[in-house]
Amino acid sequence: MKSNIKTKPTIYMIFGGTGDLAERKLIPALYNLFLEGYMPKEFAIIGLGRTDYTNESFIKNLLGGVNKFSRSGKADKDQWADFSSRISYLRTDVNNEGDYAKMEQVIDKYEAEWSEPPVIIHYLAVAPNFFPIIASNLAKMKSAGDAERTRVVIEKPFGRDLETAKELNALLRNIFDEKQIYRIDHYLGKETVQNMMAFRFANALFEPIWNRNFIEHVQISVTEDIGVEDRGGYYDGSGALRDMLQNHILQVLCLVAMEPPVNFDAEEVRNRKVDVLRAMRKFGPEEIRFNTVRGQYGEGWVKGEKVEGYRQEQGVNKESNTETFAAIKFFIDNWRWQNVPFYVRTGKRMHQKSSIISIQFKDVPHLIFPNNSSESWQQNRLIISIQPEMSIRLQVQAKRPGLDMTLNPVDMVFNYDGTYETDTPEAYETLLLDAMKGDQTLFMRGDQVETAWDLIMPVLESWEVKKSINFPNYSADSWGPEAAEALIAKDGFHWFTLPIKKSDKK
Ligand SMILES: NC(=O)C1=CN([C@@H]2O[C@H](COP(=O)(O)OP(=O)(O)OC[C@H]3O[C@@H](n4cnc5c(N)ncnc54)[C@H](OP(=O)(O)O)[C@@H]3O)[C@@H](O)[C@H]2O)C=CC1
Ligand SMILES: O=C1O[C@H](COP(=O)(O)O)[C@@H](O)[C@H](O)[C@H]1O
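Predicted model, so just to flag it, every value in this text is computed and none were measured. (Residues numbered from 1 in each chain as written. Chains lettered and ligands numbered in written order. Predicted model: local features only at pLDDT ≥ 70, side-chain atom pairs only at ≥ 80, totals over all residues.)

### With respect to the domain arrangement of the protein chain
Move 1: What the domain assignment reports for the protein chain is domain 1 (10–155) and domain 2 (188–365 + 445–504).
Move 2: In this structure, domain 1 and domain 2 have C-alpha centres spaced 33 Å apart. (Domains from an automatic or database assignment.)

### Considering unusual backbone geometry
Move 1: The amide bond that connects lysine 156 to the next residue, proline 157, takes the cis arrangement and shows omega of 0°.
Move 2: Take proline 157: it is sitting in the loop between β5 (150–154) and α6 (162–175).
Move 3: Of the consecutive residues glutamine 387 and proline 388, the connecting peptide bond is found in the cis state with omega at -5°.
Move 4: Note that proline 388 resides in the loop between β14 (381–387) and β15 (391–399).
Move 5: In this structure, asparagine 339 takes a positive phi of about 70° despite not being glycine.
Move 6: With respect to the secondary-structure elements, asparagine 339 resides in the loop between β11 (325–330) and β12 (342–347).
Move 7: Among the residues examined, asparagine 339 registers 9 C-beta atoms within 10 Å and is labelled exposed.
Move 8: Located in the positive-phi region is arginine 349, a residue other than glycine, with phi close to 55°. (Helix = DSSP H or I, 4+ residues; strand = E, 2+ residues; numbered from the N terminus. Buried ≥ 20, exposed ≤ 12 C-beta atoms within 10 Å, placed from the backbone.)

### A look at the environment of valine 269
Move 1: As for its placement among the helices and strands, valine 269 is situated in helix α10 (residues 266–279).
Move 2: When the C-alpha positions of valine 269 and methionine 390 are compared, they lie 23 Å apart, and in sequence the two are 121 residues distant.
Move 3: With sequence-adjacent residues up to four places away left out, valine 269 is seen in contact with Pro261, Phe264 and Thr441. (Contact = placed C-beta atoms within 7 Å.)

### Digging into the site of ligand 1
Move 1: If you check the shell around ligand 1, you find 18 residues, and the closest are Gly19, Asp20, Leu21, Gly49 and Arg50.
Move 2: Class assignment for the residues of the shell around ligand 1 results in six nonpolar, seven polar and five charged. (Near = placed C-beta within 6 Å. Nonpolar A, V, L, I, M, F, W, Y, C, P; charged D, E, K, R; others polar.)

### Comments concerning the UniProt feature "active site" (unreviewed entry) in the protein chain
Move 1: The UniProt record annotates "active site" (unreviewed entry) at His248.
Move 2: Here histidine 248 is to be found in helix α9 (residues 240–257).
Move 3: For histidine 248, a count of 22 C-beta atoms within 10 Å translates into the label buried. (UniProt positions renumbered as here; feature names shortened; annotations may be inferred.)

### A closer look at the sheet that holds strand β17 (residues 474–476)
Move 1: With respect to topology, three strands assemble into an open sheet ordered β10-β9-β17, the strand pairing being mixed. Two strands lie at the open edges of the sheet, namely β10 (305–307) and β17, each paired on one side alone. Strand-to-strand twist in this sheet, taken as the mean axis angle between neighbours without regard to direction, amounts to 25°.
Move 2: The pairing of strand β9 (residues 297–302) with β17 spans three bridges and is classified as parallel. Bridged to glycine 300 within β17 is alanine 476. (Pairing = 2+ DSSP bridges. Axes fitted to C-alpha atoms, helices over the stretch in contact; angles between N-to-C directions.)

### Some remarks on the confidence of the model for the protein chain
Move 1: Summarising the model, the protein chain shows a mean pLDDT of 94, and 97% of its residues fall at 70 or more.
Move 2: ipTM for the predicted complex: 0.98, alongside a pTM of 0.94. (pLDDT = per-residue confidence, 0-100.)

### With respect to the packing of α10 against helix α14 (residues 446–465)
Move 1: The interhelical angle for the contact between α10 and α14, taken along N-to-C directions, is 15°, at an axis separation of 9 Å. The angle between α10 and α14 places the two elements in the roughly parallel class. Classified by chirality, the crossing of α14 by α10 is left-handed. In this structure, α10 uses Arg270, Lys273, Val274, Leu277 and Arg278 to contact α14, whose residues at the interface are Asp447, Gln448, Thr451, Ala452 and Leu455. (Parallel < 35°, antiparallel > 145°, perpendicular 65-115°, else oblique. Left-handed = near helix turned anticlockwise from the far one by under 90°.)

### Examining the nonpolar core
Move 1: Residues Met13, Ile14, Phe15, Ile121, Tyr123, Leu124 and Val344 are the most contacted members of the largest nonpolar core, which totals 121 residues.
Move 2: For this core, the element with the most residues is α9, which contributes 11 residues.
Move 3: Both of domain 1 (10–155) and domain 2 (188–365 + 445–504) provide at least three residues apiece to this core.
Move 4: Setting aside chain neighbours within four positions, we find valine 344 in contact with Ile220, Leu245, Ile249, Leu253, Ala327, Ile328 and Phe330. (Core = buried A, V, L, I, M, F, W, Y, C linked by C-beta atoms within 7 Å.)

### Some remarks on the pairing of β15
Move 1: Bridge count for β14 against β15 is five bridges, and the pairing is antiparallel. Residue pairing for β15: serine 385 is matched across the bridge by serine 391.
Move 2: Where β14 folds back onto β15 in an antiparallel hairpin, the turn is made up of three residues.
Move 3: With nine bridges joining them, β15 and strand β16 (residues 407–415) adopt antiparallel strand pairing. In the sheet register, lysine 399 faces β16, and the bridge partner there is leucine 407.

### What about α9?
Move 1: A rise of 1.5 Å per residue sets the reference length of α9, with its 18 residues, at 26 Å; its end C-alpha atoms lie only 22 Å apart and thus fall more than 12% short of the reference.
Move 2: Most of α9 is tucked away: 17 of the 18 residues are buried. (Expected span 1.5 Å × (residues − 1).)

Listed below in structure tokens is the structure:
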């Protein structure tokens, strides 16, 4: 379906235009936006990097990425010719001050040719150690201070702890207005994650029961079946807590737990989300011991093939103490959620790729049906599956056909696949379009990032000081360390999983 959203003339300056993210995600996303009519009539994509490309060889390389990674499949010849005529390559080194003058000349050229001054988006798809030098040099460009049309998109990780996140925020705020800074968290661009807000705030049904009076516990489980692949070097200095939990999982948790915003304005939504982070209980040493579990995968068998343990992966220290699994039982100290546990977990090389939010409601106060064994009994549960299945399931008890009153749980299902015929956009498509439109709702504000770091700092510090002696403690293709089962089982619950469908199996 072609869009009727109007975007202004835009220049995307992609620092790290020759890198993996640009090839796999950014260019395919911009190409799909173009196919669906979301790109403005006047737009340009400038790839930046030190590699010795010509425009032609750069574009050829990007075409390979689109053919391989785009959800729309192999690029259409004519569409690609039109799209790629707006792409050029500028060989530059981020450390070289003179190269920023070259970038400015390109911007000036488009400004002179186009019908109106363009929105300029500097996308920082480079290693985080380059963020400060790039930001400082962008500050010298005449367009930097134009808050209406100059924006900077910052990739993750945003700092590696509270202190470095604060430093980066301070540096960016010194140069840009907060409304120019787009801190990306690609989970917020996922269709099902966005639907969380529609589901909660566009239906009258759930809000009255969305609280401690009716909800027993919440789970957010983001499991991956892959290992660290070729990112061992980065991952070993990061770990599951920094890589997934501090950002993606806490952002999703905020959407589950936030108060209804007054409207869908970016600041309103982000104010309500940061309220949740501020209300979350910060742990002391004893609470860390009881409420957190970490793990690291060892070798194992995945679909009949032997896979290596984390410590044997390329780029990883042979005695690494980095966690590839983290589970935490959180509490939110406010009226809505007092004493409702929020169990979150994430891990690599687990049995299944799956991101699920499970909300378990309290049991009925009194059961009038005899002869129903506790094994077949399931309290009402709402399951929001983010991926690979994109669905919302409400588990309710129903009478099984037959002459006796036997009950069993059944699912009322809303499945994206069967409901909509349109293809679901990739998270990066949504976010790149929002950056063009100037909509920051799905981007993290500086205070959100800092509050999230502040919350997990005690856990990070404790895990760094107390080296784990029992790593590896889960084997590849398992559900993580036994202690993670115990974390939730001691409260009488278990981690919820959706059965793997044939189509999800690799
Ligand atoms: N790849 C992914 O799936 C994801 C990546 N990210 C984040 O995106 C960012 C980029 O990651 P990724 O693409 O994987 O990294 P890559 O290592 O693939 O790419 C790094 C890029 O940085 C450029 N670069 C390095 N040094 C310089 C320099 N001195 N001057 C100019 N350019 C330079 C490289 O260009 P050249 O070599 O041509 O100079 C290259 O384009 C990181 O912050 C990462 O954390 C976040 C989520 C997912
Ligand atoms: O940000 C990251 O996310 C991916 C998982 O993203 P998904 O969209 O495939 O769920 C993760 O593999 C990676 O380690 C992390 O940096």
